[in-house]
Amino acid sequence: MPTTPHSGREFFAGLLEAFTGVLGLARGYLRSHGPRSGHLARQLGAHLGCSPAEIGRLVFGGVLADVGMIGMAEEAWEVPMPMLDARTRARVRRHPDRSQAILCAVPHLECLGPIVRHHHEWWDGTGYPDGLSGEAIPVESRILRVADTVSALQAARPHRGPLSPEDIRFAVRRATGEEFDPRVAEAFLHLADSNRLAEFDEAAFQRWILHASTTLVPPSIAPPSAGELLEILAAVVDAKDPYTAGHSRRVALLAGEMARQLGLDRELREQVWAGGYLHDVGKLGVPLRILAKPDRLDEDEMARVRDHAGMGADVLSTIPSLAHLAPAARHHHEHWDGSGYPDGLARDEIPLVARVLAVADAYDAMTTSRAYRGSLGHAHAVEEIAREAGRQFDPELARVFLTLPGTIFHALVQPVRWRPDSFLGSPGGGAVQTLLSP
Ligand SMILES: [Fe+2]
Ligand SMILES: [Fe+2]
Ligand SMILES: [Fe+2]
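Residues numbered from 1 in each chain as written. Chains lettered and ligands numbered in written order. Predicted model: local features only at pLDDT ≥ 70, side-chain atom pairs only at ≥ 80, totals over all residues.

For the rest of this paragraph, the subject is the overall build of the protein. Each helix and strand in the protein was counted, giving 22 helices and 0 strands. Within the protein, residue pairs in contact and separated by at least 24 positions form 68% of the contacts whose partners lie at least 6 positions apart. (Helix = DSSP H or I, 4+ residues; strand = E, 2+ residues; numbered from the N terminus. Contact = placed C-beta atoms within 7 Å.)

Helix α18 (residues 352-367) packs onto helix α14 (residues 266-278) with a crossing angle of 45 degrees between their chain directions and a minimal axis gap of 10 Å. Relative to α18, α14 is oriented oblique. For the pair α14 and α18, the sense of crossing is right-handed. In this structure, α14 uses Leu 268, Gln 271, Val 272, Gly 275 and Gly 276 to contact α18, whose residues at the interface are Leu 352, Val 353, Val 356, Leu 357 and Ala 360. Residue composition of the contact of α14 with α18, grouped by class: 7 nonpolar, 3 polar and no charged. (Axes fitted to C-alpha atoms, helices over the stretch in contact; angles between N-to-C directions. Parallel < 35°, antiparallel > 145°, perpendicular 65-115°, else oblique. Left-handed = near helix turned anticlockwise from the far one by under 90°. Nonpolar A, V, L, I, M, F, W, Y, C, P; charged D, E, K, R; others polar.)

Our focus in this paragraph is the environment of Gly 61. Within the secondary structure, Gly 61 sits in helix α3 (residues 52-64). Placed 20 residues apart in sequence, Gly 61 and Ala 41 show a C-alpha to C-alpha distance of 8.9 Å. Those residues in contact with Gly 61 that sit more than four places away from it in its chain are Ala 41, Leu 112, Ile 115, Val 116, Glu 140 and Leu 144.

Let us look at the nonpolar core. Grouped together as the largest cluster of nonpolar side chains are 91 residues, with contacts concentrated most on Leu 278 and Val 359. The leading source of residues in this core is α18, at 9 residues. (Core = buried A, V, L, I, M, F, W, Y, C linked by C-beta atoms within 7 Å. Buried ≥ 20, exposed ≤ 12 C-beta atoms within 10 Å, placed from the backbone.)

Cis geometry is found at the peptide bond from Tyr 128 to Pro 129, where omega equals 5 degrees. Structurally, the position occupied by Pro 129 is in the loop between α7 (113-117) and α8 (139-154). Cis geometry marks the peptide bond from Tyr 341 to Pro 342, where omega comes out at 5 degrees. For Asn 195, which is not glycine, the phi dihedral falls at a positive 55 degrees. With respect to the helices, strands and loops of the structure, Asn 195 is situated in the loop between α10 (182-193) and α11 (202-216). A positive phi angle is found at Arg 347, which is not glycine, with a value near 45 degrees. As for its position among the elements, Arg 347 is in the loop between α17 (326-331) and α18.

Here we come to α10. Here α10 is 12 residues long and its end C-alpha atoms lie 16 Å apart, about the 16 Å a rise of 1.5 Å per residue gives. Buried residues of α10: Val 184, Ala 185, Ala 187 and Phe 188, and no others. Buried residues in α10, looked at end-on, bunch into an arc of 155 degrees, giving them a common side. Set apart from the buried face of α10 by more than 90 degrees, the exposed residues are Pro 182, His 190 and Asp 193. Positive phi appears at Asn 195, one or two residues downstream of α10, with a value of about 55 degrees. (Expected span 1.5 Å × (residues − 1). Arc of directions from axis to C-beta.)

Here we come to α14. Here α14 contains 13 residues, and its C-alpha end-to-end distance of 18 Å stays within 8% of the 18 Å for a straight helix at 1.5 Å per residue. Those residues of α14 that fall on the buried side of the exposure criterion are Arg 269, Glu 270, Gln 271, Val 272, Trp 273, Ala 274, Gly 275, Gly 276, Tyr 277 and Leu 278.

At a minimum axis separation of 7 Å, helix α13 (residues 247-262) and α14 run at an interaxial angle of 160 degrees. By the angle between their axes, α13 is roughly antiparallel relative to α14. Here the hand of the crossing between α13 and α14 comes out right-handed. Every residue of α14 that contacts α13 at Ser 248, Arg 249, Val 251, Ala 252, Ala 255, Gly 256, Ala 259 and Arg 260 is listed here: Leu 268, Arg 269, Val 272, Trp 273, Gly 276 and Tyr 277. Its residues assigned to classes, the contact of α13 with α14 shows 8 nonpolar, 3 polar and 3 charged.

Here we take up the environment of Thr 176. When you line up the elements, Thr 176 lands in the loop between α9 (165-175) and α10. A C-alpha to C-alpha distance of 8.5 Å links Thr 176 and Trp 123, two positions 53 residues apart in sequence. Dropping the residues within four chain positions of it, Thr 176 is found in contact with Pro 182 and Ala 185.

Turning to the confidence of the model for the protein, a few remarks are in order. For the protein, the mean per-residue pLDDT works out to 83, and 83% of the residues sit at or above 70. In this model, residues 1-7 is a region of pLDDT below 50 whose contacts with residues beyond four sequence positions or in other chains number 16 contacts. Here residues 416-438 scores under 50 on pLDDT; set against residues more than four positions off or in separate chains, the count is 58 contacts. (pLDDT = per-residue confidence, 0-100.)

Turning next to the environment of Ser 248. Counting through the fold element by element, Ser 248 comes out in helix α13. The contact partners of Ser 248, leaving out residues within four places of it in the chain, are Ala 234, Val 237, Asp 238, Gly 276, Tyr 277 and Asp 280.

Quick look at the structure:
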């Protein structure tokens, strides 16, 4: 689909595609929940006379409202709210806040912050997180409340099948004036009763996303946007595991610096850097109770953790703008001597990008605290990498790692936002191009 990689519209279409792929990995049925909400919200907005800018926000808001759910306890996706224990329920109630925090960090999507924050407020003031009521709730949030509910009821969940159109209309009518703004609920009932709601169609929705992008972002996006896309996806991935905040970014920084020292060409440097950000994307498919378990994992649980490499590659290969990073994700846990996973590749059989990532990944894993142990410290990690050269790691790459300038390790712990494109040299937008070309 992308024809002009520098177009802001296509960049954001790529971003949404990546987000839905990532959400789908966290929970299969979420692949279509967001787009279906956005699809319905757009139609409700048009019927209610919303402006083009409001409609643009409805499309994006529908897709992204639940992005903050990633990293919540698993049962929160599966079990109806009243049946959750108090602690899990409290976490679910924080998801709009997290969605807001994530989206406010994305340039041009800040305007979605208040809308996603309030997408669970109820018309009668009994919703969350702020207990707003009536007109105090942004109109887009009131529309999303109806669209989100209808989209959820239309789909099967682990504990129930999809509801019939009659049952959905009944549910909306019953909650009018309580959960739903009466004007929005009436718009839905009117369109549904008169058979004027368009069926969801993926291709048509992609066109609407492109259209909505024109109201949210300028036509041309500055080159660092590729870095920002990766920052944001990586933040979502790292949010899953409370122990790995910032892990993906640090791996990108270290591996990117190794690629530079190695004198790799620009395309490979970009793959190393972007691969650093996304190598663990498959962790979204590993149950949280395993990722955050403080005790030793049993055989089964270990196998589930190992699955993250293949699952990450699978999801990346379905996202056109990121498919070229799939091999790096698949093979970042292979060992030079063939004893790694998932395929037991050895030496040059392992893609170079994955071999670079393996060293940076191991360093960061050793120097950060995990559920089952504290940080092992810089000196220990460096010793370990030297010792494993030629066994776990490509010996040449281990050597390059050991000669990295100390400033790089210092930069890892800096709170300032690192601008990843800068190490690529000329800010000509090559990264954007590579990321967005299938
Ligand atoms: Fe939600
Ligand atoms: Fe990994
Ligand atoms: Fe990792």
